[in-house]
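For reference, the chains in residue letters:
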Amino acid sequence: MAKAMLIDVTKCMGCRGCQVACKEWNDLPAETTACLGCYDNPENLSPITWNRVEFYEYEQNGQVNWFFRPVRCMHCLDAPCVRVCPTGALYKHELGFTAYDESLCNGCGYCTQFCPFDVPRLKETTFLGKGKSSKCTFCQDRVPAGQVPACAKTCPPEAIQFGEREELMEKAQARLAYLHNGAPRPFPEAVLYNPSGVGGTAMMYILPENNPGRFNLPKDPSGAVANVWQKIIQPLGEVALGATVLGVIAAFFVTRRNIRMEEVE
Amino acid sequence: MTVRLKGTERDVVTIRWIPKYTAMERLGHWLHTATFVPLAITGLILYVPLLQSLAQGQAGYFIRLVHRITAVLFGLLPILYLIIEPRRFIMSIREFLFDKDDIGWVMNAFSYYLLGRHTAMPPQGRFNTGEKMNGLIMCATWVALGVTGLVMWFGKGAVSAGFFQWMVLIHDLAMIAAVCMFLVHLFLAVAHPLMWAGLVSMRFGVTSAAYAAEHHAKWYYGPKRARQLYEEAKKKAAS
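Colleague: Tell me what's going on with the overall build of chain B, and back it up with residues and numbers.
Modeller: Within chain B, the regular secondary structure consists of 11 helices and four strands. With the principal axes as the frame, chain B shows a C-alpha extent of 70 × 45 × 40 Å. Scored against the burial criterion, the 239 residues of chain B give a buried share of 41%. Within chain B, contacts between residues separated by at least 24 positions form 67% of all contacts whose residues are at least 6 apart in sequence. In the structure as shown, chain B presents an accessible area of about 13500 Å², 72% of it carried by carbon and sulfur atoms.

Colleague: For the overall build of chain A, give the residues involved together with the corresponding values.
Modeller: The number of helices and strands found in chain A is six helices and 10 strands. Its C-alpha atoms give chain A principal-axis dimensions of roughly 100 × 45 × 40 Å. By residue count, 51% of the 265 residues in chain A fall in the buried class. Contacts in chain A between residues far apart in sequence, at least 24 positions, make up 58% of those at least 6 positions apart. A total accessible area of about 12600 Å² is found for chain A, and carbon and sulfur atoms account for 54% of it. The centroid of the 26 positive side-chain charges in chain A is displaced by 1 Å from the centroid of its 28 negative side-chain charges.

Colleague: Kindly report on helix H1 (residues 17-25) of chain A, identifying the contributing residues and their values.
Modeller: It helps to recall that an α-helix has 3.6 residues per turn; residues three or four apart then point in one direction. Residue and element names in this part refer to chain A. The set of residues buried in H1 consists of Gly17, Cys18, Gln19, Ala21, Cys22 and Lys23. For H1, the secondary structure elements touched by its buried residues are strand E2 (52-60), strand E3 (63-71), helix H4 (150-154) and strand E8 (160-164). Just past H1, the residue Asp27 takes up positive phi, approximately 60 degrees.

Colleague: Tell me about the packing of helix H1 (residues 23-47) of chain B against helix H8 (residues 196-204) of chain B, and name the residues and values.
Modeller: Residues and elements named next belong to chain B. Closest axis-to-axis distance for the H1/H8 pair is 8 Å, and the angle between their directions is 110 degrees. Relative to H8, H1 is oriented roughly perpendicular. In contact with Arg26, His29 and Trp30 of H1, H8 contributes Leu199, Ser201, Met202, Arg203 and Phe204.

Colleague: How would you summarise the pairing of E3 of chain A if you had to cite specific residues and measurements?
Modeller: Residues and elements named next belong to chain A. Here E2 runs beside E3; their pairing, made up of nine bridges, is antiparallel. What sits directly across from Glu54, in E3, is Arg69. Between E2 and E3, which pair antiparallel one after the other, the connecting turn spans two residues, and Asn61 there sits at a positive phi close to 50 degrees.

Colleague: I'd love a proper account of the pairing of strand E6 (residues 121-125) of chain A, names of residues and values included.
Modeller: All names here are of chain A. Of the strand pairs in this sheet, E6 and strand E7 (residues 129-134) are connected by four bridges, and their pairing is antiparallel. Along E7, the bridge assignment pairs Arg121 with Ser134. If you look at the hairpin formed by E6 and E7, you'll find three residues sitting between the two strands, and Phe127 has a positive phi there, around 65 degrees.

Colleague: Please give an account of the packing of helix H6 (residues 129-154) of chain B against helix H7 (residues 161-190) of chain B that cites residues and values.
Modeller: All names here are of chain B. In the contact formed by H6 and H7, the axes pass within 8 Å of each other and the chain directions differ by 150 degrees. For the element pair H6 / H7, the angle class is roughly antiparallel. For the element pair H6 and H7, the recorded crossing hand is left-handed. Taken together, the residues of the contact of H6 with H7 sort by class into 18 nonpolar, seven polar and no charged.

Colleague: Could you give an account of the interface of chain B and chain A, with specific residues and numbers?
Modeller: Chain B puts 39 residues into the contact, and the matching count from chain A is 40 residues. Interface area for chain B against chain A, summed over the two sides, is near 3600 Å², with a carbon-plus-sulfur share of 69%. At the junction of chain B with chain A, the criterion picks out 11 residue pairs in polar contact (both at pLDDT 80 or more). Of all the secondary structure elements, the ones that give two or more residues to the side of chain B that touches chain A are H1, helix H2 (52-55), helix H3 (57-84), helix H5 (101-115) and H7 of chain B. When residues of the side of chain B that touches chain A are assigned to their parent elements, the largest contribution, 14 residues, is made by H7 of chain B. The residue inventory of the side of chain B that touches chain A, partitioned by class, reads 27 nonpolar, eight polar and four charged.

Colleague: I'd love a proper account of the packing of aromatic side chains, names of residues and values included.
Modeller: Residue and element names in this part refer to chain A. If you walk through the whole model with that rule in mind, you get 21 aromatic pairs over all chains. By way of ring pairs, the aromatic residues Tyr56, Tyr58, Phe67, Phe187 and Phe215 are connected into one cluster. The ring of Tyr58 carries the charged tip of Arg214 above its face, separated from the ring centre by 3.7 Å.

Colleague: Please set out the confidence of the model for chain B residue by residue, giving values where relevant.
Modeller: Mean pLDDT for chain B: 89, with 93% of residues reaching 70 or above. Both scores are available for the predicted complex, with the pTM at 0.89 and the ipTM at 0.88.

Colleague: Before we move on, could you go through the pattern of salt bridges and cite the residues and values that matter?
Modeller: All chains considered together, the criterion is met by 17 salt bridges over all chains. Between Asp40 of chain A and Arg52 of chain A there is a salt bridge; the shortest N-O distance is 2.8 Å. Taken as a pair, Asp40 of chain A in the loop between H1 and E2 and Arg52 of chain A in strand E2 lie far apart in primary sequence, 12 residues in all. Of the two residues examined, Asp40 of chain A and Arg52 of chain A, each falls in the buried class. A salt bridge links Glu95 of chain B to Arg126 of chain B, with the shortest nitrogen-to-oxygen separation between them at 2.9 Å. With Glu95 of chain B in helix H4 (residues 86-95) and Arg126 of chain B in the loop between H5 and H6, the pair connects residues that are 31 residues apart, well separated along the chain. By relative accessible area, Arg126 of chain B is classed as buried at 3%.

Colleague: Before we move on, could you go through the sheet that holds strand E1 (residues 3-8) of chain A and cite the residues and values that matter?
Modeller: Residue and element names in this part refer to chain A. If you walk across this open sheet you meet the four strands as E8-E1-E10-E9, and the pairing is mixed. The open sheet has two edge strands with one neighbour each: E8 and strand E9 (191-193). Averaged over all pairs of adjacent strands, the angle between strand axes in this sheet comes to 25 degrees, irrespective of strand direction. Both E9 and strand E10 (residues 203-207) contribute to a ladder of three bridges, which runs antiparallel. Across the sheet, residue Tyr193 finds its bridge partner in E10, namely Tyr205. The strands that helix H5 (residues 165-180) touches are E1, E8, E9 and E10; relative to E8, the one it contacts most, it runs at about 135 degrees.

Here is what the cut-offs are and how they apply
- Residues numbered from 1 in each chain as written.
- Chains lettered and ligands numbered in written order.
- Predicted model: local features only at pLDDT ≥ 70, side-chain atom pairs only at ≥ 80, totals over all residues.
- Heavy atoms only, no water.
- Helix = DSSP H or I, 4+ residues; strand = E, 2+ residues; numbered from the N terminus.
- Buried < 20%, exposed > 50% of the residue type's maximum accessible area, 1.4 Å probe, protein only.
- Contact = heavy atoms within 4.5 Å.
- Areas by Shrake-Rupley, 256 points an atom, 1.4 Å probe, with all protein chains shown as cover.
- Lys, Arg positive; Asp, Glu negative; His and termini not counted.
- Charge placed at Lys NZ, Arg CZ, Asp CG, Glu CD.
- Axes fitted to C-alpha atoms, helices over the stretch in contact; angles between N-to-C directions.
- Parallel < 35°, antiparallel > 145°, perpendicular 65-115°, else oblique.
- Pairing = 2+ DSSP bridges.
- Left-handed = near helix turned anticlockwise from the far one by under 90°.
- Nonpolar A, V, L, I, M, F, W, Y, C, P; charged D, E, K, R; others polar.
- Buried area = accessible area lost by both parts, 1.4 Å probe.
- Polar contact = N/O pair within 3.5 Å; in protein donor to acceptor, adjacent residues only side chain to side chain.
- Phe/Tyr/Trp six-rings, centres within 6.5 Å; stacked < 30°, edge-to-face > 60°.
- Lys NZ or Arg CZ within 6 Å of the ring centre and 35° of its normal.
- pLDDT = per-residue confidence, 0-100.
- Salt bridge = Lys/Arg side-chain N within 4 Å of Asp/Glu carboxyl O.

Rendered as structure tokens:
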């Protein structure tokens, strides 16, 4: 049942159609930007930019490489943001992606600090400075209705594919076999990026080489601290607080009984 | 002061009140309470899954705002007190230092507090060991909560995510220690039958001489005399 997207960096041609489709479907306004001296634009993800194409240009073995990657929420299957969200605004949808209910968010910003991919962005508010979080929702208002996410729907070279996660894994293996040998321009080191540290992701990438850092992706993303916090400290604290309350109540009755008896003596 | 109960001919209690806390100490203590409690409640709303619905949306916004406003007061209080009564502050810090009588207190705390046996209790200063432990935890967690809280408030984006994550963890651990200590402190202050005088002195600044002699002998008699009386009482109990 789990849905996923497979984004093939070797296919992406950097047209930014997904960026536009994302804005259009999610009703996100355009950003005022400046020329940054490279093709990246806008400069970074923001509360109104949930998807953004990054450009990578580098030389390798005497050959110039130029790749593009649409950057957005990775929809980790074991998502640290969901673990640390105190309101339940971020949650795992039954279809496998990380859904978001903005009305529940209180702007605490834990998700921005615990996301291994630095994806969620906080809106600005008066008083507290930082407001509600925002990020790619996997088109949570399209996918459960049986529709394809806006970015995948619009992608001209079909670099963004949407479907059942299992099927996409198979497609990825077939694609990798083709890229390793058989493609007109082979990528012998092409890999599938689906990091296990966060339980795998619903947003999977085919990278031209086994060097995630080159594409601004962490090599071993993990939610380790989020897990220590939520799986150890959280229950431990609840036990400690509960035990103290019960201990104090018990002590009250024991004391009252003993000290009364002492008075009787 | 002699108190004569209605309908009886004999004097029942003779109370001599002696000063224990200054007005500023008491004001500081109660303002600390008045900021600690809302901080703990608003913090626990984010912490306890059962209270999740209170943390959501606009309610959560409001709770975060209250948490921060009270946090500022909570953080400034001890500093303000240090400015207003610096000599008293340093004196109190000295009185909070642990000594070997504190070990004896810990050994006897169980039978003392639960069974009401106070004969074996070593003499205590103006603050007993429990109050010292409370003070130590409150000071340590004041520093920990303040530092980590400031990072969590102003450090988003400025410090690395990994550092921020550990700050959140330490904030939680400090909160657990502080709230557990607070609960025990609250119990002893308002509900423990033997400790009524503590609440009286924190409200009115005075304590009865009889209570001070029994519970804070080193403060009431001075360390030498208190030790002497303690040894005599022990001998008497043994024979």
